[in-house]
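If you want the building blocks of each chain, they are given just below.
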Amino acid sequence: MKKLSPSITFFILLAGANLGLLFAPLTPLTAIALTLLLPGWGWVRWLFPHQRRLSRLALALGLGYAVATLGTLILHYLPGGIAEWQLLALLNALALAPFLHPRARRADTPVPAEKITTAAIGFALVILLAIGLRFADLGYSEFQGDEALAMISAAEAIQGHADALFLRGKGPGEILLPAAVWTLTGTITEGVARVPFAIAGVMGLLTLYLLAKDLFSTRTARYATAILAAGGLLVGFSRIVQYQTIVVWMSLLSLWTFWHWQREKQWRWLLLSGIFLGIGLLAHYDAILVAPAIGWVWLSGVKKDLRRSLLGGMGWGVTALGTAAIFYAPYLLDPQISRTGDYVSGRIGAGLKNHLADFLNFNAFYSSFYFVLIAGLLLVGFLGWAVFHHKEGKWWTIFSVATLLMLAVTPNWLGQWTVLPVAAILLAAFASPALDTAKRTALVYFAVPFLGYNFAVATPLTHIYTVLPGWALLAGWAAAQIRLERRAVWGVNLALVLISSLYLWNAFVNHSHNFVRDYPAGNIALFRTPEIPKPQTGFFGFPHKTGWKSVGALIATGTLNGDYESNEEEDVTGWYTRHAPRACNPGAEFRFVAAELVDATPLAPPPAPLVEIGSVMNAAGKPTLSIFQRTPTPLDLGELNRAALERQFNQTATPAAFAREARPDVVTDINFGGKIKLVGYSLNARRSYPGGRVVVTLFWQAQQSLREQYKVFVHLDSEKKYAQADSVPVCARFPTTDWRVGQTIADTHALDISPDTPLTDLPLVVGLYQPDTGARLDVLDVAGNPAGVSATLTTIGMLPAPKGDK
């Protein structure tokens, strides 16, 4: 039987992926293929027909991510939201475009297969272990706060909210990738949303292998890949909807393709390098940290060919900045940029710092003490070897090794001045006559983020992930200098990865315990290191499951109807309750108490009696989420059917369900001073009796940019004020000075009704005032004339207090 050509195979796969969207069980897989793989496949076969399969895979997926990111971004800019047919048309057109060129026929030239050796088998096992750690039970954990915010922004981008990407305050990459997949699948789950980031985590390893192989040797590449695969930070980030794995992978791709351009003189490599850095910057500005390493590669070619280097440098810069500018150019003109600037400057701070202890603790916590010990000793070995080749190298080596070991034991030894000996050692290593361009490139790739985040930035937290690729390159080179037989190389690699995988499996995959809560007692005995403190914050990718989908499904059906309070952070509950009103003050209708928490929110004692009406249990029969309601209550839910409610939640997980949109029960058009409009409200008056509670959600829209801060007041009878709520909008978290023109703000207020309230109809009155002066905004009539300083929304009839309510 004649073997199908690669072109025919591609057409079949593309047609199959499109048809697969019609069959629900295949939809997630085919959506991932259409979004991330197939658009780049044809281009790579056309542009790089003679590259080996691993290189083609890295380039094809990299281009696929670039197409998905830029294509979804451009479609988002069009009015009306992102339609499935638009995205499908764009992806298919870009996937088929390279086959229109006659040169595409030559791309069917067979590519030599990789030789199967013992070392290659060992390397493949390392990658398989890495894949398992990143994909196993990927959808088990519920979204963390940052994930939920990214997914809400994705929903709003799909729905056509013009400011959805700007309001996030970060690069849009982590929003656009799941948005593209979600557009094709229609509904989303945690596992499907995380797949693009898990793939990027694996491809980062493979791209590091390709880079290390080109910079040094295959032996070094295998060691470096094994070291990076054992880094727990990147395992954790591969398991969440966050930008970090995209940044690492795109940075590596940019450096690798730029190295190829410098060596092969083909401009297509330069173009790709600029595009990949631009996509990395669209994920997060951390990607800029690879630029100094690329700059050093560029400088190394200046002496050989000045004209070519100058043209290449300008072309690369224009491509990278042009790619990133598709988002950042309009963002720089948006009001949000000032708040982002304030946030970034606050994170950087002023003066020198010393976060070396946190750097070591974070890596030991995420990756184990053994990872820090082995990778750290290899790094010290590289630096010691480098400085040894200086004049008086013996003393340089003694000073460097002794200083680094001292800092590893007592990282706060010199306080903020620790940067001086560390920078001196790194500079001495860089200036070593023994280092060639490749080694200096790897050293710069390590040193820039290491010095920046440890000594210049005020709150680096887990941004130290940017240090890991350069660290792995240097440690991998040092490991390769240890003379072992060829078969022993992969054996040592595999053994180290197996040991590390045991730690990583227990931390990120094993959900029979809570690793973060139980640390260090929950560690496997081999890895117990109680002397290493647990970080205070910055926990990403660790398994946790409370049962929020059960609550969300009951809210969606109206079974749980009223405001709520919870010990879970608001970003998480906002996603799973689909923006049900969360109370600012104690006394809510419901209280959801989670046993499994990543970031806990303190709960005040309830002012009214509560009764437990239901609970969510885990597989061991222990409650993970308890539901309480104010008395009296007609509900008795018992143990919830978790599996059925999760299916119900997933089946309705469309973008429209999560986008923050104005859905008032009553539409209004009340103009406050020509500055703010009340466009609607929703009212829950089920407990409208003396001693009860009324909840109203107001939907505001700013008519102009506001320099003044206003507070909202809601009164039940403005004269007697039997109940009132006065606060900065949205529980004091969203002042009017932050409102955007045309943006709809959902602002919930709960009014605790006085026990001496008469049983009569009472007006519900709202307004806005300046807290400094007390001056209220006028309510304007249709002619624009003042008609009062408050507006009556409706009247609420007071009911007799039921028996049992206190």
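Just so it is clear, the structure is predicted and the values come from calculations on it, not from any experiment.

Calculation criteria
- Residues numbered from 1 in each chain as written.
- Predicted model: local features only at pLDDT ≥ 70, side-chain atom pairs only at ≥ 80, totals over all residues.
- Heavy atoms only, no water.
- Helix = DSSP H or I, 4+ residues; strand = E, 2+ residues; numbered from the N terminus.
- Rg over C-alpha atoms; globule rule 2.2 N^0.38 Å.
- Buried < 20%, exposed > 50% of the residue type's maximum accessible area, 1.4 Å probe, protein only.
- Lys, Arg positive; Asp, Glu negative; His and termini not counted.
- Charge placed at Lys NZ, Arg CZ, Asp CG, Glu CD.
- Patch = residues over 30% accessible without salt bridge, like charges linked within 9 Å, V, L, I, M, F, W, Y side chains within 5 Å.
- Areas by Shrake-Rupley, 256 points an atom, 1.4 Å probe, with all protein chains shown as cover.
- Salt bridge = Lys/Arg side-chain N within 4 Å of Asp/Glu carboxyl O.
- Disulfide = S-S within 2.5 Å.
- Expected span 1.5 Å × (residues − 1).
- Contact = heavy atoms within 4.5 Å.
- Core = buried A, V, L, I, M, F, W, Y, C linked by side-chain atoms within 4.5 Å.
- Pairing = 2+ DSSP bridges.
- Axes fitted to C-alpha atoms, helices over the stretch in contact; angles between N-to-C directions.
- Parallel < 35°, antiparallel > 145°, perpendicular 65-115°, else oblique.
- Left-handed = near helix turned anticlockwise from the far one by under 90°.
- Nonpolar A, V, L, I, M, F, W, Y, C, P; charged D, E, K, R; others polar.
- Bend = angle between axes of the 7 residues up to and from the residue.

Draft legend 1. Fine view of the overall build of the protein. When helices and strands are counted, the protein shows 29 helices and 14 strands. A compact globule built from 806 residues should have a C-alpha radius of gyration of about 28 Å, and the protein, at 29 Å, falls within 12% of that. A principal-axis box enclosing the C-alpha atoms of the protein has dimensions of 90 × 65 × 55 Å. Counting over 806 residues, the protein shows a buried share of 56%. Each charge sign in the protein was given a centre, from 63 positive and 52 negative side chains, and these centres are 15 Å apart.

Draft legend 2. Spotlight on a nonpolar patch on the surface. A cluster of nonpolar residues, Phe-369, Tyr-370, Leu-373, Ile-374, Leu-377, Leu-405, Val-492, Leu-496, Ile-499, Leu-502, Trp-505 and Leu-526, forms a patch on the protein surface that exposes about 970 Å² of accessible area. Looking at the nonpolar patch, the elements that each hand over two or more residues are α18 (369–388) and α23 (486–509). Assignment of secondary structure puts Tyr-370 in helix α18. For Tyr-370, a relative accessible area of 31% corresponds to the partly exposed category.

Draft legend 3. Structural context of the pattern of salt bridges. Going through the model one piece at a time under the given rule, you end up with 21 salt bridges. Close ionic contact of Arg-660 with Glu-156 constitutes a salt bridge, the shortest N to O distance being 2.7 Å. Separated by 504 residues along the polypeptide, Arg-660 in the loop between α28 (655–658) and β6 (666–672) and Glu-156 in helix α6 (residues 145–159) bring together distant segments of the chain. What makes Arg-660 partly exposed here is its relative accessible area of 41%. Owing to a relative accessible area of 4%, Glu-156 belongs among the buried residues under this scheme.

Draft legend 4. Representation of the state of the cysteines in the model. Within this structure, the stated rule accounts for one disulfide. Shown here is the disulfide that connects Cys-584 with Cys-731, its sulfur atoms set 1.7 Å apart. Looking down the S-S bond of the Cys-584 and Cys-731 bridge, the torsion is -75°, so its handedness is left-handed. One end of the pair, Cys-584, is in the loop between α26 (570–576) and β2 (590–594); the other, Cys-731, is in helix α29 (residues 729–732), with 147 residues separating them in the sequence. Taking relative accessible area as the criterion, Cys-584 reaches 45% and is therefore assigned partly exposed.

Draft legend 5. Broad picture of α6. Over its 15 residues, α6 extends 21 Å from the first C-alpha to the last, a length consistent with the 21 Å expected when each residue adds 1.5 Å. Across the 15 residues of α6, twelve count as buried, placing the element largely inside the fold. Looking only at α6, the buried set comprises Gly-145, Glu-147, Ala-148, Ala-150, Met-151, Ile-152, Ser-153, Ala-154, Ala-155, Glu-156, Ala-157 and Ile-158. Residues of α6 that are buried make contact with α3 (53–77), α7 (164–168), α8 (173–185), α9 (190–215), α26 and α28.

Draft legend 6. Looking closely at the nonpolar core. Core analysis: the biggest nonpolar cluster contains 210 residues, and Tyr-65, Trp-575 and Phe-592 have the highest contact counts within it. Per-element tally for this core: the top contributor is α9, with 16 residues. If we skip the residues at most four places from it in the chain, Trp-575 touches Phe-143, Ala-148, Met-151, Ile-152, Trp-182, Ile-188, Phe-649 and Phe-658. Residues Ile-670, Leu-698, Trp-700 and Leu-764 belong to the second largest nonpolar core, which totals 34 residues.

Draft legend 7. Representation of the sheet that holds strand β12 (residues 761–769) within the structure. Here four strands make up an open sheet; going across it, the order is β10-β9-β12-β14 and the pairing antiparallel. The two strands at the open ends of the sheet, each matched to only one other strand, are β10 (723–727) and β14 (791–797). For this sheet, the mean inter-axis angle between neighbouring strands, taken without regard to orientation, is 15°. Summarising the sheet, strand β9 (residues 711–716) and β10 pair through five bridges and their orientation is antiparallel. Looking across to β10, one finds that Leu-716 is bridged to Ala-723.

Draft legend 8. Representation of the packing of α3 against helix α4 (residues 84–96). Relative to each other, α3 and α4 sit at 140°, their axes nearing to 11 Å. Classified by the angle between their axes, α3 and α4 sit oblique to one another. In the crossing of α3 with α4, the sense of the turn from one axis to the other is right-handed. Together, Val-67, Gly-71, Thr-72 and Leu-75 of α3 and Gln-86, Leu-87, Leu-90, Leu-91 and Leu-94 of α4 make up the contact between the two elements. Per-class residue counts for the contact of α3 with α4 are six nonpolar, three polar and no charged.

Draft legend 9. Spotlight on the environment of Gly-691. Note that Gly-691 resides in the loop between β7 (676–687) and β8 (693–702). Residue Gly-691 is classed as partly exposed on the basis of its relative accessible area of 22%. Along the backbone, Gly-691 and Ser-754 are 63 residues apart, and their C-alpha atoms lie at a distance of 5.4 Å.

Draft legend 10. Highlighting the sheet that holds strand β5 (residues 638–639). On the basis of which strands lie adjacent, the open sheet formed by five strands has the order β1-β2-β4-β3-β5 and mixed pairing. Each end of this open sheet is capped by a strand with a single partner; those strands are β1 (564–566) and β5. Relative to β2, β1 runs parallel, the two being bridged by three bridges. Paired with Tyr-564 across the strands is Phe-590, a residue of β2.

Draft legend 11. Just helix α2 (residues 27–47), in detail. The terminal C-alpha atoms of α2 lie 30 Å apart, and with 21 residues this matches the ideal 30 Å at 1.5 Å per residue to within 8%. The largest bend in α2 comes to about 45°, at Leu-37, with the proline Pro-39 one to four residues further on.

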